[in-house]
Amino acid sequence: MIRRDRFDLLLFALLLGCVLVLGLLLLKGQAPTGSGARIDKALEQQIAYQARVNFLHNLYQPVEQLRQKGQLAAALLKLDELARKYPQEAHGEILRGEILLKRKAVKQAIDHFVRAVRLNGDYVDQASPLSRYPEIQGLVEAQLPVFRQRAKSNPQSQSLQNTLTGLYYLQSRLAGGCE
Amino acid sequence: MRIGYMNCNSEKETLERFRPLTRYLSQQLGVDFEVVPVDTQDFPERFAAGEFEFTHTNSLVYLILHEEDQLQLLATEKRGRYGTHTSGSIISRKGSGIRTLADLKDKRMVFGPQLAPSGFLAQYDLLLRAGIDPETDIAYYAIPSGSFKHEKVVYGVYFGKFDVGAAPSLDLELMVGDGKIQADDFNIIAESPIIPYCTFGARKDLDPQLVEKFRQTLVQLTQDATVEFEGENLKVLASAWVDGYETLADSDYDLLREMARRANMPPYQKF
């Protein structure tokens, strides 16, 4: 058996001390845990969400202004222009749906509402600043019987079947169903 | 069997767009269909002469053929933001100071071809309903010659040759989508109500089963449908620049009928 002298014991004690200090430092250096971390994360998400809402508001402001002035055709053209740069943006789809509804192009309006909600469920979330819950609810209630009848009268029409399926999808999302 | 296709911009374009669709119809129906490109103005006369059994025309020519020869409505084409419908816009160059219909008096205006529902009739009717008689209240109006008249209207206003133009909303949409023009280049002074877009029809005395199968084949077409054409496998709808087809009722064309009556245009023209 190897005999240890006092020097070995001293080295061993120093080594143990270093490991303990390193361990403490590591624990201290980690990100905050528990409720503190969750608060930071939630705050970050809220800030990002608010920034996104503000960005959308600014981006589509020219469309809103034209719409408020009753210049629906010009508003739609502006949306066409914005769609070149942001082709998958749900907010553009929502605005397009609202304007087309006003222009009495109901089927196309429904198709755009469906696309918007598929891209972003906030439009059927009553707590969201982007929410269009009452409008979409009104649309579904008014148009579901109409398109059920139209699809029944034209069973070969794939397009009408798609719109009807879209209305059922909106109904499900309004009721809180997931995809 | 022959399908008469109205030339929208040019005969070449008509053939390029509709030959694959026609091949697809031939395959699905087991009938050898032939494409017959037809100038808009000649359409009623050539249809009456029995030169084709099926028709693909704008909605105003459908009205004329329905009224005069009892053409059957088959399916309405979907293209652009209004789907089976379309509309006409009156435009001026941004910065011209022409912003409302009241500003149009004594201005130079350019229209699309006379039988164009969304390039002539819709705007003519808009003016009449605003108390402006295009024949007397504007300085003069012109119609471009040759092919691609609708784009010529838009560029005619853009480059200042005319103060005001009658542009189909679909053409504005497509040109903005292609980046040819900017939405901010123009004032949209007015836009008409939406009216049905291009329409397939069938001669009244055709076999009803064939007609129904033709209609069903059109409305069942999806974006995925393909056809072998000249050594290539083409998407049928995309090659025809079409989003799909739907069945409308003849009464869906009543708004257009009212416009034609107010504007004293065929098939209700009185001298």
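Let me begin by describing the structure that accompanies this report. As the structure is a prediction and not an experimental result, all values here were calculated from the model. (Residues numbered from 1 in each chain as written. Chains lettered and ligands numbered in written order. Predicted model: local features only at pLDDT ≥ 70, side-chain atom pairs only at ≥ 80, totals over all residues. Heavy atoms only, no water.)

Brief notes about empty space enclosed by the protein
All names here are of chain B. Inspection of every chain in the model, using the stated rule, returns two cavities of 30 Å³ or more. Looking at the largest cavity, its volume works out to about 70 Å³. For the lining of the largest cavity, the element with the highest residue contribution is helix H1 (residues 11-29), accounting for three residues. For the lining of the largest cavity, the residue count by class is five nonpolar, two polar and two charged. Mapped by element, the contributors of at least two residues to the lining of the second largest cavity are strand E5 (85-86) and helix H6 (169-177). (1 Å grid on protein atoms, 1.4 Å probe; cavity = no way out; pocket = protein on both sides within 12 Å on 5 of 7 lines; lining within 4 Å. Points joined across faces, edges and corners; volume = space filled by probe spheres on them. Helix = DSSP H or I, 4+ residues; strand = E, 2+ residues; numbered from the N terminus. Nonpolar A, V, L, I, M, F, W, Y, C, P; charged D, E, K, R; others polar.)

Some points on helix H8 (residues 158-174) of chain A
The periodicity of an α-helix, 3.6 residues per turn, causes residues three or four positions apart to be oriented the same way. With 17 residues, H8 of chain A should reach 24 Å at 1.5 Å per residue; the first-to-last C-alpha distance of 24 Å fits that figure. Backbone geometry just after H8 of chain A places Gly 176 of chain A at a positive phi near 95°. (Expected span 1.5 Å × (residues − 1).)

So, the pairing of strand E6 (residues 88-93) of chain B
All names here are of chain B. Most of E6 sits inside the fold, with five of its six residues counted as buried. The sheet contact formed by E6 and strand E9 (residues 164-168) spans five bridges and is antiparallel. Within the sheet, the bridge partner assigned to Gly 88 lies in E9 and is Pro 168. (Buried < 20%, exposed > 50% of the residue type's maximum accessible area, 1.4 Å probe, protein only. Pairing = 2+ DSSP bridges.)

Things to note about the environment of Leu 255 of chain B
Here Leu 255 of chain B lies in helix H9 (residues 254-262). Ignoring any residue separated from it by four or fewer positions in sequence, one finds Leu 255 of chain B in contact with Pro 193, Ile 194 and Ile 195 of chain B. (Contact = heavy atoms within 4.5 Å.)

Focus: the packing of aromatic side chains
All names here are of chain B. If you walk through the whole model with that rule in mind, you get 20 aromatic pairs over all chains. Measuring from ring centre to ring centre gives 4.9 Å for Tyr 158 and Phe 159, while their planes differ by 85°; the resulting arrangement is edge-to-face. An aromatic cluster is defined as three or more aromatic residues linked by ring pairs; in this entry it consists of Tyr 5, Phe 18, Phe 33, Phe 54, Phe 200, Phe 214 and Tyr 245. The positively charged end of Arg 93 is found above the aromatic ring belonging to Tyr 158, 4.4 Å away from the centroid. Over the ring of Tyr 268 we find Arg 261, and its NZ or CZ is 4.1 Å from the ring centre. (Phe/Tyr/Trp six-rings, centres within 6.5 Å; stacked < 30°, edge-to-face > 60°. Lys NZ or Arg CZ within 6 Å of the ring centre and 35° of its normal.)

Focus on the sheet that holds strand E4 (residues 72-78) of chain B
Within a sheet, each strand pairs with its neighbour through backbone hydrogen bonds, oriented either parallel or antiparallel. Residues and elements named next belong to chain B. Taken together, six strands build an open sheet; the order of strands is E2-E1-E3-E12-E4-E15 and the sheet is mixed. The open sheet has two edge strands, strand E2 (34-38) and strand E15 (244-246), and neither has a second partner. On average, each strand axis in the sheet is inclined to that of its neighbour by 25°, with strand direction left out of account. The pairing of E4 with E15 spans three bridges and is antiparallel. Of the residues in E15, the one forming a bridge with Lys 78 is Gly 244. (Axes fitted to C-alpha atoms, helices over the stretch in contact; angles between N-to-C directions.)

Considerations on the layout of surface pockets
Approximately 1200 Å³ is the volume found for the largest pocket. Forming the walls of the largest pocket are 42 residues, and the residues nearest its centre are Asp 111, His 112 and Arg 115 of chain A together with Gly 80 and Asp 243 of chain B. Mapped onto the lining of the largest pocket, the elements with two or more residues apiece are helix H4 (72-85), helix H5 (90-102), helix H6 (106-119) and H8 of chain A together with H6 and E15 of chain B. For the lining of the largest pocket, the class distribution of residues is 13 nonpolar, 15 polar and 14 charged. Two domains each put at least three residues into the lining of the largest pocket: domain 1 (2-82 + 196-256) and domain 2 (88-192) of chain B. Estimated volume of the second largest pocket: approximately 800 Å³. Taken together, the elements giving at least two residues each to the lining of the second largest pocket come down to H1, helix H4 (117-129), helix H5 (149-158) and H6 of chain B. If you tally residues by element for the lining of the second largest pocket, the top one is H6 of chain B, at four residues. In the lining of the second largest pocket, the residues fall into 16 nonpolar, 13 polar and nine charged. Each of domain 1 (2-82 + 196-256) and domain 2 (88-192) of chain B gives at least three residues to the lining of the second largest pocket. (Domains from an automatic or database assignment.)

Describing the sheet that holds E6 of chain B
Residue and element names in this part refer to chain B. Read from one edge to the other, the open sheet built from five strands follows the order E8-E7-E9-E6-E10, with strand pairing classed as mixed. The open sheet has two edge strands with one neighbour each: strand E8 (140-142) and strand E10 (186-191). Within this sheet the neighbouring strands show an average axis-to-axis angle of 25°, counted without direction. Bridge count for E6 against E10 is five bridges, and the pairing is antiparallel. Residue pairing in the sheet places Ser 89 in a bridge with Glu 191 of E10. Of the strands in this sheet, E6, strand E7 (108-110), E8, E9 and E10 touch H4, which is tilted by about 80° from E6. Where H5 meets the sheet, its contacts fall on E6, E7, E9 and E10, and the angle it forms with E9 comes to roughly 145°.

Structural notes on the interface of chain B and chain A
Of the residues lining the interface, 28 residues belong to chain B; the matching set on chain A comes to 22 residues. In total, about 2100 Å² of surface goes out of reach between chain B and chain A, with carbon and sulfur atoms giving 51% of it. Applying the counting rule to chain B against chain A returns five salt bridges. The closest approach of N and O atoms between Asp 184 of chain B and Lys 78 of chain A, which form a salt bridge, is 2.9 Å. Where chain B packs against chain A, one counts 11 residue pairs in polar contact (both at pLDDT 80 or more). (Buried area = accessible area lost by both parts, 1.4 Å probe. Salt bridge = Lys/Arg side-chain N within 4 Å of Asp/Glu carboxyl O. Polar contact = N/O pair within 3.5 Å; in protein donor to acceptor, adjacent residues only side chain to side chain.)

That is the geometry; function is a separate question.
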